[in-house]
Structure formats: C-alpha cells, structure tokens
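Summary of the model geometry
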Amino acid sequence: EAEFKWLLREEVHAVLKQLQDILKEASQRFALPTSGSGGAVKQENFVLSTAGTDQVKAVLTLQGDALCQADVDLKMPRNNQLLHFAFREDKQWKLQQIQDARNHLNQAIYLLTKRDVNYQFTTGSEVLKLMDAVMLQLSRARNRLTTPATLTLPEIASSGLTKMFTPALPPDILVNFYINLNKLCLTVYHLHVLQPSTTKNFRPAGGSILHNPGAMFEFGSQRYEVSQVHKVECVISWLNDALAFFTVSLQLCQQLKDKVMALEKGLCFSLW
C-alpha cells in the first residue's frame, strides 16, 4: 500500500513530466508557431523523384502544414513531350494529415498539463483513464501520418488540387499529394478515355491510397481508365522525428499503466 501511494504521489508525476518534455519536442518538429507567438513558419524545399526514371520530377515547398509552391515536370507517354506545371501564386495546398496530427498532439499535451505537480492522484483508475486519453490522441496523431486517406478516382478528379496549377492540367492527368509515414508523396495518373464502343467490362474502382493501371472510373459524362501511374516521394526528416517521439511516448504511457495495474492487483490480493 505504501508503494502504491508513493507511485500515485511521486512516480506518476515524474512520468507525466517526461511525457510533456517529449511531446513538446515533437510539437517543435512541426515547425509551427504556438498561438499568439506570431513567428513566421520556415519554408523547406523538397525534390521528389525516382531513380532510373524521368517521367515525373517535382520541387515542392512546404511551410508548416501547407504546400505553398509546387513545380512539377511530367513526360507525356504518347509523345515524350515534357510539360511543366506550377502552383498559381495565389494558391497553396493544405496537407490535412499534418494539421490533424499536430492537433491531436496538442490535445495530448493539454491533457497532461491539466494535471500539474500539485495535483494529487487518489486512485489507480484515475491514472489509467488519463493514460488512455493521452494514448488515444497520440495513436490518432500517428495514424494520420501512417495511414493516408483512401480516395476514389472521381474524388481526386474533383479535388481543388486540380485547379491550382498553371497552365491547367490536361484532362487526361490526375495528381494527388499525401503523407505516408515520414514521406511526402506525389502520385500522377495518366488516363485514357473509354469509348462507348469499347468491349471492356466497365467496373468502377473503389477508394484506395494508390490506384493501379487498369482502374476505371466515371467523371462528368466520360469514362476513363488509368493507363500509367507514377509515384515520387521524399523523406521529411522532422516527420521521422515526430513519429519516433509518438512511439516512445506511447510506450511510456503503457509502462505506467502496466505498473499501476500490477500494484493495484497486488494490493487487492493482499487485502483479500
């Protein structure tokens, strides 16, 4: 019983302090100013390409959770013509995954700071409840980065991203940006129109992170088939750091839960 009381009084707060320090380090990796600080968010340039192929190359400028500039070179499959597209100057593309991950991280930090050093935990279940709430936010933050959204091809076609380029993207090109783990990814889909006289059995594709050649969809009054897919990517080192901090923090939360439950079980057994 004395050990359990010491755990609630001393060790829990030591772990909470450790968690706060780790998560504040993680939040700094997102390079966004805290509310009211007014600091400018630094811009980072990334080159996305694939070794051995020059079908797609992109230079992207990331500012916090927004792509503020994009220069994309595409080699068209039918004539090997090289086309260049860039974001319009008045446009930027919000990477919702980064924004959501940061929001969940901030919520986890808020939950921890609500229990300051003067707060006295009285039961093990109170600690377990707090750890579960923090772990939920951290798991959601990590999952937003590790699990890109599954989109249908019509959803990609109707995305605001298609209207951000100058010159305008040709109707037989679709593009999509997303985060996958610690990587910034660009996928380019080359399409061809399915003629009404085609003998192919039309089967519209469902939602997916990455659609393969042969995937079909209907958009507007036309039916299309994906003929080629090119994916280029680049590692964002600070996302790698953030994911590592999330993993370490989740392990700390679980270790504290295990210790509380083990001591509670031993206490109940001794009382019985």
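The structure contained in this document is the topic of the report that follows. Remember, predicted model here, so these are calculated numbers, not experimental data.

1. Side note on the packing of aromatic side chains
Evaluation of the coordinates by the stated rule reveals five aromatic pairs. Here the aromatic cluster, defined as three or more aromatic residues joined through ring pairs, consists of Phe87, Phe165 and Phe177. Over the aromatic face of Tyr119 sits the side chain of Arg115, whose NZ or CZ is 5.3 Å from the ring centroid. When the ring centre of Phe202 is taken as reference, the NZ or CZ atom of Arg223 above it lies at 4.0 Å.

2. Description of the packing of helix H1 (residues 2–29) against helix H2 (residues 96–113)
As a packed pair, H1 and H2 sit with axes 10 Å apart at the nearest point and diverge in direction by 155°. The pairing of H1 with H2 is recorded here as roughly antiparallel in orientation. The handedness of the crossing between H1 and H2 is left-handed. For the pair formed by H1 and H2, the contact residues are Leu16, Leu19, Gln20, Leu23, Lys24, Ala26 and Ser27 on the first element and Leu105, Ala108, Ile109, Leu112 and Thr113 on the second. When grouped by side-chain class, the residues that make up the contact of H1 with H2 number eight nonpolar, three polar and one charged.

3. Thoughts on the layout of surface pockets
In this structure, the largest pocket occupies an estimated 280 Å³ of space. Lining the largest pocket are 16 residues, and of these Trp93, Ala149, Leu151, Asn176 and Phe177 sit closest to its centre. Elements with a minimum of two residues in the lining of the largest pocket: strand E5 (93–94), H2, helix H4 (153–157) and strand E7 (173–180). Ranked by residue count, the leading element in the lining of the largest pocket is E7, at three residues. Among the residues forming the lining of the largest pocket, the class breakdown is nine nonpolar, four polar and three charged.

4. A word on the side chain of Gln55
Here Gln55 is to be found in strand E2 (residues 53–63). Under the relative-accessibility criterion, Gln55 is labelled buried at 18%. Every residue in contact with Gln55, bar those within four places of it in the chain, is listed here: Asp73, Leu74, Lys75 and His230.

5. Some words on the environment of Leu19
Secondary-structure assignment places Leu19 in helix H1. Between the C-alpha atom of Leu19 and that of Val226, which follows or precedes it by 207 residues, the distance is 47 Å. Every residue in contact with Leu19, bar those within four places of it in the chain, is listed here: Leu112, Met131, Ser249, Leu252 and Cys253.

6. Observations concerning the nonpolar core
The biggest cluster of nonpolar side chains holds 68 residues, and the ones touching the most others in it are Leu48, Met131, Phe165, Phe177, Leu184, Leu186 and Phe246. Counting residues per element, this core draws most heavily on helix H5 (residues 237–271), at twelve residues. Other than its neighbours up to four places away in sequence, Leu48 contacts Val56, Lys57, Ala58, Leu60, Leu184, Cys185, Leu186, Val232, Glu233 and Cys234. Counting residues in hydrophobic clusters, the runner-up holds ten residues, among them Ile156, Leu174, Phe217 and Val226.

Rules used in this analysis
- Residues numbered from 1 in each chain as written.
- Predicted model: local features only at pLDDT ≥ 70, side-chain atom pairs only at ≥ 80, totals over all residues.
- Heavy atoms only, no water.
- Phe/Tyr/Trp six-rings, centres within 6.5 Å; stacked < 30°, edge-to-face > 60°.
- Lys NZ or Arg CZ within 6 Å of the ring centre and 35° of its normal.
- Axes fitted to C-alpha atoms, helices over the stretch in contact; angles between N-to-C directions.
- Helix = DSSP H or I, 4+ residues; strand = E, 2+ residues; numbered from the N terminus.
- Parallel < 35°, antiparallel > 145°, perpendicular 65-115°, else oblique.
- Left-handed = near helix turned anticlockwise from the far one by under 90°.
- Contact = heavy atoms within 4.5 Å.
- Nonpolar A, V, L, I, M, F, W, Y, C, P; charged D, E, K, R; others polar.
- 1 Å grid on protein atoms, 1.4 Å probe; cavity = no way out; pocket = protein on both sides within 12 Å on 5 of 7 lines; lining within 4 Å.
- Points joined across faces, edges and corners; volume = space filled by probe spheres on them.
- Buried < 20%, exposed > 50% of the residue type's maximum accessible area, 1.4 Å probe, protein only.
- Core = buried A, V, L, I, M, F, W, Y, C linked by side-chain atoms within 4.5 Å.

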